[in-house]
Amino acid sequence: MPSPRGSRERRAAAGAGRPEFLSLVSPRGPGIPDSPSRRREVSAAPGPGPGPGPPLPEEDCMKLNPSFTGIALRSLLAIDLWASKRLGVCAREGSAWGSARPLMKVIEVSGHGIPWLLGTAYGLCRSDSSAGREVLLNLLFALLLDLVLVAVVKGLVRRRRPTHNKMDMFVTVSVDKYSFPSGHATRAAMVCRFVLHHLVLAIPLRVLVVLWAVIVGISRVMLGRHNVTDVAFGLIMGYMQYSVVEYFWLSPLSAPTLFALWSH
Ligand SMILES: CC(C)=CCC/C(C)=C/CC/C(C)=C/COP(=O)(O)O
């Protein structure tokens, strides 16, 4: 005997594309509306299933029980949008903390890719110790890797920047119209880990480096550039990117040609 699901699929195939058949191909049968009261009637009707009514078809069960993950994600996104809007206190000159906007923009430049790339390349050209060149070459590699990975994720996710953002950012590329993840947050977290591992710094300076990364992240939301989740994910992603850099660490032994370029 054919299963109810199989016969329904055959009916659907026969009536596909023909409006007059739509009520017949409906899983609920002809002329039966899809209303909560109808669903209650169906589940209350006597039948062979374990509950008071017949077992619901698979699709109906899915509609009645939207997945926990789906609900959790939607709620998180709603909270994210709400909180990000509330925290975007420097998004405009006229915003609640609009007078702090110039300071936030200085912090923005401190985490921008261009000063970091130019500064590292300059240091690499000027460095006269092989240990210094090794660290700076790997920092340059890390910064380029960060740009590529952030561009790939931004291009895949395509989440628009918050509507309250004023698009007056210092030098951007095309994917920077997207906001997930925050490129400033990935860079800040990665550079922070890099510096803490490779520079011998006094404790107060180490604390300052961590504070800088945190402030860069917070300033992205305050400026209205990002939602909170863009920054949170960015910080985690940047933290993990450093592990990739460590794994592929370039040394005169592993990449002799590259180091020969900068040997005097
Ligand atoms: C060599 C090369 C392609 C350099 C491009 C440097 C550049 C324009 C980086 C973009 C930095 C930026 C504006 C990132 C966006 O940061 P979000 O925190 O707003 O995602």
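All of these numbers come straight from a predicted model, not from anything done at the bench.

Membership of the largest hydrophobic core comes to 27 residues, with the highest contact counts inside it found for Leu139, Ala142, Ala185, Ala188, Ala189, Val191 and Phe194. Of all elements in the fold, only α6 (101-110), α8 (130-157), α9 (183-198), α10 (203-222) and α11 (228-247) reach the threshold of two or more residues within this core. Sorting elements by how many residues they give to this core places α9 first, with seven residues. When near neighbours in sequence (up to four residues on either side) are disregarded, Ala142 contacts Met190, Phe194 and Val245.

Glancing now at the UniProt feature "transmembrane region" (unreviewed entry) in the protein chain. UniProt marks residues 135-157, 194-219 and 239-262 with the feature "transmembrane region" (unreviewed entry), using the numbering shown here. Each end of residues 239-262 is marked by a C-alpha atom, and these two atoms are 28 Å apart; helix forms 67% of the span and strand 0%.

Here we come to α9. Given 3.6 residues to a turn, an α-helix orients residues that are three or four positions apart in the same direction. The end-to-end C-alpha distance of α9, which contains 16 residues, comes to 22 Å, matching closely the 22 Å that a straight helix rising 1.5 Å per residue would cover. The element α9 is extensively covered by neighbouring structure, given that twelve of its 16 residues are classed as buried. On its buried face, α9 sits against α6, α7 (113-126), α8, α10 and α11.

Time to look at the site of the ligand. Around the ligand, 15 residues are found, and the nearest of them are Gly113, Thr172, Ser182, Gly183 and His184. Here the element with the most residues in the shell around the ligand is α7; it accounts for three residues. For the shell around the ligand, the per-class residue count stands at six nonpolar, six polar and three charged.

Here α8 contains 28 residues, and its C-alpha end-to-end distance of 40 Å stays within 8% of the 40 Å for a straight helix at 1.5 Å per residue. Among all positions of α8, only Arg133, Val135, Leu136, Leu137, Asn138, Leu139, Ala142, Leu143, Asp146, Val150, Val153 and Lys154 are buried. Looking at the packing, one finds that the buried side of α8 touches α7, α9, α11 and α12 (256-262). In the segment just after α8, Arg158 is the residue with positive phi, at about 55 degrees.

Looking along the chain, the bond that leaves Phe180 and enters Pro181 is cis, with omega of 0 degrees. Of note, Val171 is a non-glycine position whose phi angle comes to about 35 degrees, a positive value. One can find Val171 in the loop between α8 and α9.

Feature annotation in UniProt places "domain: Phosphatidic acid phosphatase type 2/haloperoxidase" (unreviewed entry) on residues 135-246, given in this structure's numbering. Along residues 135-246 the backbone is 70% helical and 0% strand, and the end-to-end C-alpha distance reaches 11 Å.

Moving on: the confidence of the model for the protein chain. Per-residue pLDDT for the protein chain has a mean of 83; in total, 75% of the residues score no lower than 70. Confidence estimates for the predicted assembly give a pTM of 0.76 and an ipTM of 0.94.

Next up on the list: the packing of α8 against α11. It is the contact of α8 with α11, at a shortest axis distance of 10 Å, that shows an interaxial angle of 130 degrees. Considered as vectors, α8 and α11 are oriented oblique to each other. For α8 against α11, the interelement crossing comes out right-handed. Two secondary-structure elements touch here, α8 through Asn138, Phe141, Ala142, Leu145, Asp146 and Leu149 and α11 through Gly238, Gln241, Val244 and Val245.

Turning to the environment of Pro66, a few remarks are in order. Secondary-structure assignment places Pro66 in the loop between α4 (58-64) and α5 (68-87). Among the residues examined, Pro66 registers 10 C-beta atoms within 10 Å and is labelled exposed. Spatially, the C-alpha atom of Pro66 lies 50 Å from that of Leu118, the residues being 52 residues apart in sequence.

Cut-offs and rules
Residues numbered from 1 in each chain as written. Predicted model: local features only at pLDDT ≥ 70, side-chain atom pairs only at ≥ 80, totals over all residues. Core = buried A, V, L, I, M, F, W, Y, C linked by C-beta atoms within 7 Å. Buried ≥ 20, exposed ≤ 12 C-beta atoms within 10 Å, placed from the backbone. Helix = DSSP H or I, 4+ residues; strand = E, 2+ residues; numbered from the N terminus. Contact = placed C-beta atoms within 7 Å. UniProt positions renumbered as here; feature names shortened; annotations may be inferred. Expected span 1.5 Å × (residues − 1). Near = placed C-beta within 6 Å. Nonpolar A, V, L, I, M, F, W, Y, C, P; charged D, E, K, R; others polar. pLDDT = per-residue confidence, 0-100. Axes fitted to C-alpha atoms, helices over the stretch in contact; angles between N-to-C directions. Parallel < 35°, antiparallel > 145°, perpendicular 65-115°, else oblique. Left-handed = near helix turned anticlockwise from the far one by under 90°.

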